[in-house]
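Structural overview for review
Residue-level listing of the chains:
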Amino acid sequence: MTARRRLPNRRQAETFEIEVGGLHYVVLGGHFADGTLAEIFITNGKAGSDSDTAARDSAVVASIALQYGVPLEVLRHALMRDAQGRPSGPLGAALNYLAAGLRP
């Protein structure tokens, strides 16, 4: 098993907003010193709602996977997509933006 890559106490991060399924989300992506994605946080305006809990939980799992060495592309391609190939959920949408260096 690969060892977990620890994050420095201070690290580069970026915050942006996305909309998925009519819901608004705020995303924060933190990076390792080499610039690779290390962590992701996702919240929406309905704190405590099912959609907020699901977004937060998925981001925690993705962050742990990234820190254990799972490539970003593996995570992106494992997530649900619609018939046009667009991400179906907030984690997929956020990872697409972070991977491409885009902003909504």
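Described in the following lines is the structure provided in the data block. As the structure is a computational prediction, the values presented were derived from the model and not from experiment.

Across its full length, the protein chain holds three helices and three strands. Secondary structure elements of the protein chain, listed N to C terminal, follow the sequence β-β-β-α-α-α. Here the C-alpha coordinates of the protein chain stretch approximately 35 × 30 × 25 Å along the principal axes. Out of the 104 residues belonging to the protein chain, those deemed buried represent 34%. Sequence separation of 24 or more characterises 43% of the internal contacts of the protein chain that already satisfy a separation of 6 or more. Counting every atom, the protein chain has about 6300 Å² of accessible surface; 55% of that belongs to carbon and sulfur. Here the protein chain carries 11 positive and 10 negative side-chain charges, and the mean point of each set is 6 Å from the other.

Thresholds applied
- Residues numbered from 1 in each chain as written.
- Predicted model: local features only at pLDDT ≥ 70, side-chain atom pairs only at ≥ 80, totals over all residues.
- Heavy atoms only, no water.
- Helix = DSSP H or I, 4+ residues; strand = E, 2+ residues; numbered from the N terminus.
- Buried < 20%, exposed > 50% of the residue type's maximum accessible area, 1.4 Å probe, protein only.
- Contact = heavy atoms within 4.5 Å.
- Areas by Shrake-Rupley, 256 points an atom, 1.4 Å probe, with all protein chains shown as cover.
- Lys, Arg positive; Asp, Glu negative; His and termini not counted.
- Charge placed at Lys NZ, Arg CZ, Asp CG, Glu CD.

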